[in-house]
Amino acid sequence: MNTPKRPISFKRYTGHYRRRYLLPAGFLLASFLLMILPLEGWVASVKAVLAYVFIPQVRASHSTVQYAQGVSQTVQELLRAHQENDQLKQQIQATQLLSAQAQEILAENQRLTGLLKLDVSHPWKGVWAKVAYREPTQWNSVVLDKGSADGIKPRSAVIAMQEGQEGLAGVVVEVTENTSKVLLVQDEDFSAAVQLGRGGETGLLVGDGPRPVQIKYVPLLSNVQKGDPVYTSSASSVFPAGILVGQVHAVRKPDSFQTALTVEVNPQVPSSAVREVFVILEN
Amino acid sequence: MNIVDAIKLFFLFIVATVFHWAFASLFAHWGISVNTLLVFVAAFCALLKLPVAYSAAFLGGLFLDFFGTKLFGNNAFTFTVCACVICNLAPRFDFDELFPQMVAVFGLTWLAGICNALLVYLFASASAWPGFWSLLGGAFVDCLCAPLVFWLVRRVMGSSLLIRQV
């Protein structure tokens, strides 16, 4: 015998409707509003509130990852230690020989440095920081593991080492107590006044996403060649002059109506190579 | 929702962010765009009741938006869209099996990557496309993580009242 179907009550139906459609629609509308509103003002306040919620979590995540990396490194080091021990014993004997020669070279170097009055110290004061986080969809910005507590301020220049040579990596755009966000050179929003190393022409460097960065407004008759080094210009209010930015990759053929050249530059420090950076605090 | 369930959810959210941070930092060295938080969101949406699932997805998105520089809300939007997809698929698929978990997460990674890139392009006129191979690698890693994450969420939530009865 068939039992008659019990009709769904109005209250139950509206509850189901609310969960199934209204809730996601509400969240979609909220996120849409967040996207269309300007990043300053109201959205900045939301971000500030979220900072109180998320920063402890970020710090906990970062510390856990660092701890895990430390454990993994310790185990690996132990495994390698025995193997390296034998190699080191042999190397010690060779090193003792070299040491005697090195002492002599060091003394000579100090003598020559004194004669030439060379200042080998770093010209900028700053702080070394590690890339703590690289958000998967934001390849051109990174979060560093140091922030205002270490003296980092917004608009601080950031440099990094690549193949033994320092190069411009980006600029600090947001700072919290223990983290800071860096906009990298390849980002479309990045710009810096630069100078070509050979001819001395100046221009405006702008990022272009995954493509080589560009220098705009280079005088039309400039003699720019592939491989020319590019440095930050003293005209920049953010970056100290003389930081290597990259090498000229190509010079775009100007159209007849153009009054300036556009030069493509391969950055010295590509976004993917940014691992440890030096944040310049005092120029 | 009782206090124990709330603590469990909070614990899972912390674990999700730790895993996300660790995997994103690790795989970024090889240029792979891993999104472990999305895997957790998929697990929440497949296993938990709708209000909790949607809220977790929105909150997870906001967490990622917190790190963005160009646009705010794009990840929250993307994650909510992904939550809608999984919540509607959950009654039709058996998410206790490995294969549906992995296929769903693989698909979601692509959906999230494309949706996010489109939103950033439309609203910020910038590029957030990580690249085909990066996304493919990320989707592959995400779908390998999926069984572990689904197991963890089910294990932690246990017989909680928040578990969805399909």
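Procedures and definitions
Residues numbered from 1 in each chain as written. Chains lettered and ligands numbered in written order. Predicted model: local features only at pLDDT ≥ 70, side-chain atom pairs only at ≥ 80, totals over all residues. Helix = DSSP H or I, 4+ residues; strand = E, 2+ residues; numbered from the N terminus. Buried ≥ 20, exposed ≤ 12 C-beta atoms within 10 Å, placed from the backbone. Contact = placed C-beta atoms within 7 Å. Pairing = 2+ DSSP bridges. Axes fitted to C-alpha atoms, helices over the stretch in contact; angles between N-to-C directions. pLDDT = per-residue confidence, 0-100. Nonpolar A, V, L, I, M, F, W, Y, C, P; charged D, E, K, R; others polar. Core = buried A, V, L, I, M, F, W, Y, C linked by C-beta atoms within 7 Å. Domains from an automatic or database assignment.

Student: Could you clarify how one ought to interpret the overall build of chain A in this entry?
Tutor: Summing up its helical and strand segments, chain A has two helices and 12 strands in all. Secondary structure elements of chain A occur, N-terminal to C-terminal, as α-α-β-β-β-β-β-β-β-β-β-β-β-β. Looking at chain A as a whole, 29% of its 283 residues qualify as buried. Taking contacts inside chain A between residues at least 6 apart in sequence as the whole, the part at least 24 apart equals 55%.

Student: Explain the overall build of chain B here, please?
Tutor: The helix and strand tally for chain B stands at six helices and zero strands. The order of helices and strands in chain B, counted from the N terminus, is α-α-α-α-α-α. Looking at chain B as a whole, 54% of its 166 residues qualify as buried. Of the contacts made within chain B by residues no fewer than 6 positions apart, 70% connect residues no fewer than 24 positions apart.

Student: How should the sheet that holds strand β6 (residues 191-196) of chain A be read in this particular structure?
Tutor: Picture the strands of a sheet paired through backbone hydrogen bonds; they go either parallel or antiparallel. Residues and elements named next belong to chain A. Taking strand neighbours around the barrel as the criterion, the six strands line up as β6-β7-β8-β11-β10-β9 in a closed arrangement whose pairing is antiparallel. Neighbouring strand axes in the sheet, compared pairwise and without regard to direction, differ in orientation by 40° on average. By the bridge criterion, three bridges tie strand β7 (residues 202-206) to strand β8 (residues 213-219) in an arrangement that is antiparallel. Within the sheet, the bridge partner assigned to Leu205 lies in β8 and is Ile215.

Student: Is there a simple way to think about the sheet that holds strand β4 (residues 165-175) of chain A in this case?
Tutor: Residue and element names in this part refer to chain A. Read around the closed barrel, the six strands follow the order β1-β2-β5-β4-β3-β12; overall the barrel is antiparallel. Adjacent strand axes in the sheet meet at a mean angle of 45°, parallel and antiparallel pairs treated alike. Here strand β3 (residues 157-162) pairs with β4 via six bridges, running antiparallel. When the bridges of β4 are listed, Ala160 appears paired with Gly167.

Student: What is the right way to look at the confidence of the model for chain A in this model?
Tutor: Interpretation of this model should avoid reading the predicted coordinates in detail wherever pLDDT is low. For chain A, the average pLDDT comes to 81, and 87% of its residues sit at 70 or higher. Averaged pLDDT values for the elements of chain A fall to 77 in helix α1 (residues 10-36) of chain A and rise to 92 in strand β9 (residues 229-232) of chain A.

Student: Where do I start with the environment of Ala104 of chain B in this structure?
Tutor: Residues and elements named next belong to chain B. The residue Ala104 is located in helix α5 (residues 98-124) in this model. Overall, Ala104 belongs to the buried group, with 25 C-beta atoms counted inside 10 Å. Ala104 sits 18 residues away from Ile86 along the chain, and the two C-alpha atoms are 7.7 Å apart. Beyond its immediate sequence surroundings of up to four residues, Ala104 is in contact with Ala42, Ile86 and Leu89.

Student: Just to check I follow, could you spell out the interface of chain A and chain B for this structure?
Tutor: In many analyses, interface size is given as the accessible surface area lost on bringing the parts together. Tallying the contact residues gives 38 residues for chain A and 41 residues for chain B. The set of elements that each furnish at least two residues to the side of chain A that touches chain B consists of α1, α2 (42-116), β2 (141-144) and β5 (180-184) of chain A. For the side of chain A that touches chain B, a count of residues per class yields 21 nonpolar, 10 polar and seven charged.

Student: Whenever I open this one, the nonpolar core confuses me. Can you help?
Tutor: Here is a general trend for soluble globular proteins: nonpolar side chains tend to be buried in one another's company. In terms of nonpolar packing, the biggest core is built from 114 residues, with Val41, Ala42 and Phe44 of chain B touching the most fellow members. Here the element with the most residues in this core is helix α2 (residues 36-47) of chain B; it accounts for 11 residues. When we break this core down by domain, the ones giving at least three residues each are domain 1 (1-121) and domain 2 (124-283) of chain A. Setting aside residues up to four positions removed in sequence, Val41 of chain B forms contacts with Ala56, Ala57, Gly60, Phe79, Cys82 and Ala83 of chain B.

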